[in-house]
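Next come the chains, spelled out residue by residue.
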Amino acid sequence: IISFFLGTGSYVSTFVAQYYGAQRPERIGACLWQGIYFAGITAFLFVFLAPATDFIFALVGHNAKLQELEAKYFRILCFGSGLAVYSSVLSSFFSGLGRTWTIMWVNLGATCVNIVFDYLMIFGYGGFPEQGIAGAAWATVFSTLFSSIVFSWLLFGSKKYRQAYGLFHHCRIDRALFKRLMYYGGPNGLQFMLDNLAFTFFIILIGRLGTDELTVTTLAFQINTIAFLPMIGLSIATSILVGQELGANRPEFAVRATWRAFHLTFLYMGTIALCYVILPDLFLWPFAVNIDPVVLERLRPQAIILLRFIAAYSLFDTCNVIFSGTLKGAGDTKFVMYF
């Protein structure tokens, strides 16, 4: 559900990139604030969604114990959803300017916060009560709060950013600009939501087959996500470069950036796909540490087969991710959404 709001809010990066390329810094601050107001709307909507949690997971049809855990986790995340979109909007400001190292360090810090609070709150260490799945959810909320605070400090605490982009001079609601963000960012959010909806619906169906099937499918997707995220990073980089070059009216450089990104990504993903096929146990090893050896032996053959399928579609996904990144950077989000 949050995918729509994240995809829409994060499209601030393309607006920032294009205005940065066009050397119109006064519009960058205004774009940022429209994204912040959108994050506020998100927080409001998710507070009202939380009471419907039990009803939502009753429709899923998993066993009663699993439903209870799913609902508990979901309900807590609802209260951090506005923060997640707010953090995404602020990070989009930095990505639109090409300052992706800043984003990396902040997210690395947020991940460390998540890990620490997972350990303390799931298992009940450091004076915290043992909360299990609820502790995992709160740890995620705390990590999002951390990234929101740090991004806010880096952005609004910097005199350089405040003066260069008029952060406090353009803080009003700009209806025309907000509508443009919704017009271009909305299809981007809808496409992101549809992608995640397809995977989620698939997981729900697999969960009805049995626990083993659900476990091995989730494991395979987690393995794929680890390898897949650098490709997403290159797609974002492509969108930023294309947006900046088109803003500067240099389309030939946008084309060059696209093909460089494609070659790099295909080389990377081709290597990963080959490893999925010839070294599957390398990817299964981190998950094997805390799994009963008997259960692991039962799941291993299915996991290996799934990794082969992932290897096949990953190569095609390289084309999909990079070229859609180019179109998003050019503002053609509707085409990507339709396809």
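Quantities reported herein were computed from a predicted structural model and do not represent experimental measurements. (Residues numbered from 1 in each chain as written. Predicted model: local features only at pLDDT ≥ 70, side-chain atom pairs only at ≥ 80, totals over all residues. Heavy atoms only, no water.)

Draft legend 1. Geometry of the overall build of the protein. A count of helical and extended segments in the protein gives 15 helices and zero strands. Relative to the 2.2 N^0.38 estimate, which gives 20 Å for 339 residues, the radius of gyration of the protein is 21 Å and therefore close to what a compact globule would have. The principal-axis extents of the C-alpha atoms in the protein amount to approximately 60 × 45 × 35 Å. Across the 339 residues that make up the protein, the buried fraction comes to 43%. (Helix = DSSP H or I, 4+ residues; strand = E, 2+ residues; numbered from the N terminus. Rg over C-alpha atoms; globule rule 2.2 N^0.38 Å. Buried < 20%, exposed > 50% of the residue type's maximum accessible area, 1.4 Å probe, protein only.)

Draft legend 2. Region of the structure containing a nonpolar patch on the surface. There is a patch of nonpolar side chains on the surface, built from Ile41, Phe44, Leu45, Val47, Phe48 and Phe79 and spanning about 610 Å² of accessible area. You can see Phe79 is positioned in the loop between helix H5 (64-78) and helix H6 (81-97). (Patch = residues over 30% accessible without salt bridge, like charges linked within 9 Å, V, L, I, M, F, W, Y side chains within 5 Å. Areas by Shrake-Rupley, 256 points an atom, 1.4 Å probe, with all protein chains shown as cover. Salt bridge = Lys/Arg side-chain N within 4 Å of Asp/Glu carboxyl O.)

Draft legend 3. Looking closely at the pattern of salt bridges. Taken as a whole and assessed by the stated rule, the structure comprises six salt bridges. Across the pair Asp174 and Arg27 runs a salt bridge, and its minimum N-O distance is 3.7 Å. Taken together, the residues span a long stretch of sequence, with Asp174 in the loop between helix H9 (159-165) and helix H10 (175-209) and Arg27 in helix H3 (residues 25-49) at a distance of 147 residues. The partner of Asp54 in a salt bridge is Arg75, with the nearest N and O atoms 2.9 Å apart. Of the two residues, Asp54 is situated in helix H4 (residues 53-60) and Arg75 in helix H5; the sequence distance between them amounts to 21 residues. On the accessibility criterion, Asp54 (49% relative accessible area) is partly exposed.

Draft legend 4. The nonpolar core, seen in detail. Leu32, Ile36, Leu90, Phe93, Leu155, Phe156 and Tyr161 are the most contacted members of the largest nonpolar core, which totals 41 residues. No other element matches the nine residues that H3 contributes to this core. When near neighbours in sequence (up to four residues on either side) are disregarded, Leu90 contacts Leu32, Ile36, Ser148, Phe151, Ser152, Leu155 and Phe156. Formed by 20 residues, the second largest nonpolar core is a distinct cluster that contains Val216, Ala273, Phe283 and Ile304. (Core = buried A, V, L, I, M, F, W, Y, C linked by side-chain atoms within 4.5 Å. Contact = heavy atoms within 4.5 Å.)

Draft legend 5. View of the packing of H6 against helix H7 (residues 100-123). H7 packs onto H6 with a crossing angle of 145° between their chain directions and a minimal axis gap of 7 Å. Contacts between H6 and H7 pair Ser91, Phe94 and Ser95 from the former with Thr100, Thr102 and Ile103 from the latter. Here the residues of the contact of H6 with H7 are counted per class, giving two nonpolar, four polar and no charged. (Axes fitted to C-alpha atoms, helices over the stretch in contact; angles between N-to-C directions. Nonpolar A, V, L, I, M, F, W, Y, C, P; charged D, E, K, R; others polar.)

Draft legend 6. Representation of the packing of aromatic side chains. The full count for this structure, using the stated rule, is 31 aromatic pairs. Ring geometry for Trp33 and Tyr37: centres 5.9 Å apart, planes at 40°, overall tilted. Remark: Tyr37 and Trp33 occur in helix H3; sequence separation between them is four residues, near one turn of the helix. Here the aromatic cluster, defined as three or more aromatic residues joined through ring pairs, consists of Phe93, Phe94, Phe151, Tyr161 and Tyr165. (Phe/Tyr/Trp six-rings, centres within 6.5 Å; stacked < 30°, edge-to-face > 60°.)

Draft legend 7. Region of the structure containing the environment of Ile122. Mapped onto the elements, Ile122 comes out in helix H7. For Ile122, a relative accessible area of 22% gives the class partly exposed. Between the C-alpha atom of Ile122 and that of Phe4, which follows or precedes it by 118 residues, the distance is 29 Å. Filtering out sequence-adjacent residues up to four positions away, Ile122 remains in contact with Phe117, Glu130, Gln131, Gly132, Gly135 and Ala136.

Draft legend 8. Up close: unusual backbone geometry. Notably, Gln23 is not glycine yet its phi reads approximately 60°, a positive angle. Tracing the backbone shows Gln23 in the loop between helix H2 (12-21) and H3. Taking the relative accessible area as the measure of exposure, Gln23 reaches 68% and is therefore exposed.

Draft legend 9. Quick look at the environment of Gly124. Tracing the sequence through the fold places Gly124 in the loop between H7 and helix H8 (133-156). For Gly124, a relative accessible area of 27% puts it in the partly exposed group. As for Gly124 and Ile76, which are separated by 48 residues in sequence, their C-alpha atoms are 18 Å apart. Leaving out residues up to four positions away in the same chain, Gly124 has contacts with Tyr119, Pro129 and Glu130.

Draft legend 10. Structural view of the side chain of Ser81. By the element assignment, Ser81 lies in helix H6. Each residue touching Ser81, except ones within four places of it in the same chain, is listed here: Ile2, Thr42 and Phe46.

Draft legend 11. Quick look at H10. If you check H10, its first and last C-alpha atoms are 49 Å apart, about what 35 residues at 1.5 Å a residue would give, namely 51 Å. Along its length, H10 shows its largest kink, about 35°, at Gly185, and proline Pro187 lies within four residues downstream of that point. Within the span of H10, buried status applies to Leu177, Phe178, Leu181, Gly185, Gly186, Pro187, Asn188, Gly189, Gln191, Ile204, Ile206 and Gly207. Following H10 by one or two positions, Gly210 adopts a phi angle in the positive range, close to 155°. (Expected span 1.5 Å × (residues − 1). Bend = angle between axes of the 7 residues up to and from the residue.)

Draft legend 12. Fine view of H6. For H6, with 17 residues, the first-to-last C-alpha span of 25 Å sits near the 24 Å given by 1.5 Å per residue. Most of H6 sits inside the fold, with 15 of its 17 residues counted as buried. One or two positions beyond H6, positive phi appears at Gly98, with a value near 90°.

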